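# Survey of secondary and tertiary structure
Single-letter residue listing:
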Amino acid sequence: MNRISFLKRALLLMLTGLAACQSPQSIKPQALVANIVEQDQSLRARQTQQPNETDDFLSEHAAVMLALHQNPAFQAQLTELDIAQADLQLANQISNPSVFYAFGVANKPYRYAIEFPLEALFLRPLRLKQMQAQSKQTQLQLMQTGFALIRDARAAYAQAVVSREKVIRLEEALRVSNTINSLAKARERLGDSSAQDSLIAENEMLLVERDLQSAKIEAGIAHTQLMHMLNHVDDKRKLSLSDALLPSCSAEDISQLKSAAIASRADVLAADAAIEAVKEKRRLNGLNWLAPAVIADATSGQTNGHVLAPAIRFNLPIFNQNQAQVERVDAELVKALHEAEATKLKASMDIQVSHLKYQRDCQEWQQLQTALLPNSLKVIHDAETAYQHGEIAYLGVLESSRKYLNLRLRETQLKADMILSWSDLMRSTSIPQNLTINHH
């Protein structure tokens, strides 16, 4: 076997082997959602529990899962994984050989040539690395989007429950205000108080009525927003915040959270993947102007009428060496580096701000539970005792009850604030795992 024949067979085997290679497989949308669920502490803990779902009740856990699987905006974003997979396949494709054939005429022998682009050996691996980095960037960005959706769904669920509880609290407050107003008018008729006191009591009752009407509308808005987020527009099931959903207000080491999140947060890793993709693009643009190809050229010969000879084709870098594209990619790399730094700064700010908000809400919650509410109940008890001994009018008891109900109203809203600040802290410090691109 001569050397040319050996080279032809080796080239044919190499191209056949390259063509048989399968494209790398990126993570599927269902697997990405499962990964998001696995990284969320609350969702992971409830996966092993039996769901307490009925036809009349929708739990917070079920609401978050519905959001991850049915939110139209998130589902639209998940299709970017399929687009990334198609880009991987495109980068892994081998260019087809081209054939040139010239028919023979009088005094001109036939001639043909088969051209095999060599980009499969030189440029295809670089394109593939670039697309793999971009695919990883897409996966990580969607992970962060999923964590944000969990946060938003929890906040929307909590707000829907709290807005309904707020209506109940204001209804209680309105009953007390009505009673206070009636007593104020009765005292005015008896000459025990002035008309100004009665007017003040009436105005306070009207303000509570206004707040109640607004709260009912806000409750409808909150429920509608939640159900549209879950893509369950006509869902009429009841909602409830169990005590287990409230954060424990345990001490969190902010420095440890911050260092772990900045090193491994999804959007930070996505920014690093973007830098890697631009670097691979830089290498690709530095070589793709060459466009080498090996050619099997055949003509009619003097011995057997068919002579096959090897040839090679490539571009001569006389006028340009792709400088414009290289400069553009260099600028993209600088931009990607700045964006990565900005992402890290934003991650640091997100963690610190959400941690401070969480501490603020926890401090207020603890103050309510340990001091304000118990003290308010004691004031009501003392007022009732004084009223029984004839020391004060019943109006004093009602005033104490109204102040207590105002505290309970704040407690109700604080539930939603705590869940939001805790969910935001968890979103800010969520660390993705098991993101891989499978090679075949």
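Within every chain, residues take consecutive numbers counted from 1 along the sequence as written. In keeping with the predicted nature of the model, local features appear solely for residues at pLDDT of at least 70, side-chain atom pairs appear and are counted solely at 80 or more, and the whole-chain, interface and lining totals rest on all residues. Excluding hydrogens and water, the side-chain figures rest on all heavy atoms present in the structure.

Turning our attention to the sheet that holds strand 3 (residues 293-299). Pairing between strands is defined by DSSP: at least two bridges between the two strands are required. What counts as a helix is a DSSP run of H or I of at least four residues, what counts as a strand is a run of E of at least two, and both are numbered from the N terminus. Read across the open sheet, the four strands follow the order 1-2-3-4; overall the sheet is antiparallel. Of all strands in the sheet, those bounded by a partner on one side alone are strand 1 (98-102) and strand 4 (307-313). Strand-to-strand, the axes of this sheet are offset by a mean angle of 20°, without reference to chain direction. In the sheet, strand 3 pairs with strand 4 via seven bridges, with the strands oriented antiparallel. Within strand 4, the position partnered with Ala296 by the bridge is Pro310. A fitted line through C-alpha atoms represents every axis, and for helices the fit uses only the stretch in contact; the resulting angles, taken between N-to-C directions, go from 0 to 180 degrees.

In this model, Asn231 sits at a positive phi of 60°, which is unusual for a non-glycine residue. Structurally, Asn231 can be placed in the loop between helix 8 (195-229) and helix 9 (254-264). Phi is positive for Asn322, close to 65°, though the residue is something other than glycine. Only protein chains enter the area calculation, which uses a 1.4 Å probe; residues under 20% of their type maximum are buried, those over 50% are exposed, and those in between are partly exposed. Judged by relative accessible area, which is 15%, Asn322 ranks as buried.

Take the nonpolar core next. Buried Ala, Val, Leu, Ile, Met, Phe, Trp, Tyr and Cys residues that are joined via side-chain atoms within 4.5 Å together make up what is termed a nonpolar core. Formed by 39 residues in total, the largest nonpolar core has its most connected members in Leu32, Ile36, Leu58, Leu68, Leu226, Leu230 and Leu239. Counting only elements with at least two residues in this core, the list comes to helix 2 (29-39), helix 4 (60-70), helix 5 (72-92), helix 7 (124-190), helix 8 and helix 12 (394-428). A per-element tally of this core places helix 7 first, with twelve residues. In terms of nonpolar packing, the next biggest core, distinct from the first, is built from 17 residues, Ile180, Met205, Val208 and Leu395 among them.

Right, let's get into the confidence of the model for the chain. For the chain, the mean per-residue pLDDT works out to 82, and 84% of the residues sit at or above 70. Every residue in residues 436-440 is under pLDDT 50, and counting partners more than four places away or in other chains gives 18 contacts. pLDDT expresses, on a scale from 0 to 100, how confident the predictor is about each individual residue. By definition, residues are in contact when any of their heavy atoms lie within 4.5 Å.

Now for the packing of aromatic side chains. Stacked, tilted and edge-to-face pairs are distinguished by plane angle, under 30 degrees for stacked and over 60 for edge-to-face with tilted covering the rest, among Phe, Tyr and Trp rings (Trp via its six-membered ring) whose centres lie within 6.5 Å. Evaluated as defined, the whole model comprises three aromatic pairs. For the pair Tyr101 and Phe103, a centre-to-centre distance of 4.9 Å together with 75° between the ring planes defines the contact as edge-to-face. Judged by its relative accessible area of 43%, Tyr101 is partly exposed.

This part is about the packing of helix 4 against helix 5. At a minimum axis distance of 6 Å, the contact between helix 4 and helix 5 shows a crossing angle of 45°. Judged on the interaxial angle alone, helix 5 and helix 4 are oblique. Judged by residue contacts, Leu68, His69 and Gln70 of helix 4 engage Pro72, Phe74 and Gln75 from helix 5. Asp, Glu, Lys and Arg are counted as charged, while Ala, Val, Leu, Ile, Met, Phe, Trp, Tyr, Cys and Pro are counted as nonpolar; the rest, among them Gly, fall into the polar class. Split by residue class, the contact of helix 4 with helix 5 holds three nonpolar, three polar and no charged. Any angle that is under 35 degrees is reported as roughly parallel, and any over 145 degrees as roughly antiparallel; angles of 65 to 115 degrees are reported as roughly perpendicular and all others as oblique.

Our focus in this paragraph is a nonpolar patch on the surface. Patch construction takes residues with relative accessible area above 30% that form no salt bridge. Like charges are linked within 9 Å, and nonpolar side chains (Val, Leu, Ile, Met, Phe, Trp, Tyr) are linked within 5 Å. Per-residue and other accessible areas were derived by the Shrake-Rupley procedure at a 1.4 Å probe size, with only the shown protein chains allowed to occlude residues. Each salt bridge in this description consists of a side-chain nitrogen of Lys or Arg and a carboxyl oxygen of Asp or Glu lying within 4 Å of one another. Together, Leu290, Ile312, Phe314, Leu316, Ile318 and Phe319 make up an exposed nonpolar region whose accessible area comes to about 700 Å². With respect to the helices, strands and loops of the structure, Phe314 is situated in the loop between strand 4 and helix 11 (323-388). Residue class for Phe314 comes out partly exposed when judged on its relative accessible area of 42%.

Summed over the entire model, instances satisfying the criterion amount to 25 salt bridges. Of the charged contacts in the structure, one is a salt bridge between Glu165 and Lys415, with a shortest N-O distance of 3.7 Å. One end of the pair, Glu165, is in helix 7; the other, Lys415, is in helix 12, with 250 residues separating them in the sequence. A salt bridge links Arg427 to Asp350; the nearest nitrogen and oxygen atoms lie 3.8 Å apart. Here the residue Arg427 occupies a position in helix 12, and Asp350 occupies one in helix 11, the gap between them amounting to 77 residues. Arg427 sits in the buried class, given a relative accessible area of 11%. In this structure Asp350 comes out as buried when scored by relative accessible area, which is 11%. One connected set of salt bridges, linked through shared partners, spans Arg151, Asp152, Arg265, Asp267, Lys346, Asp350, Asp424 and Arg427.

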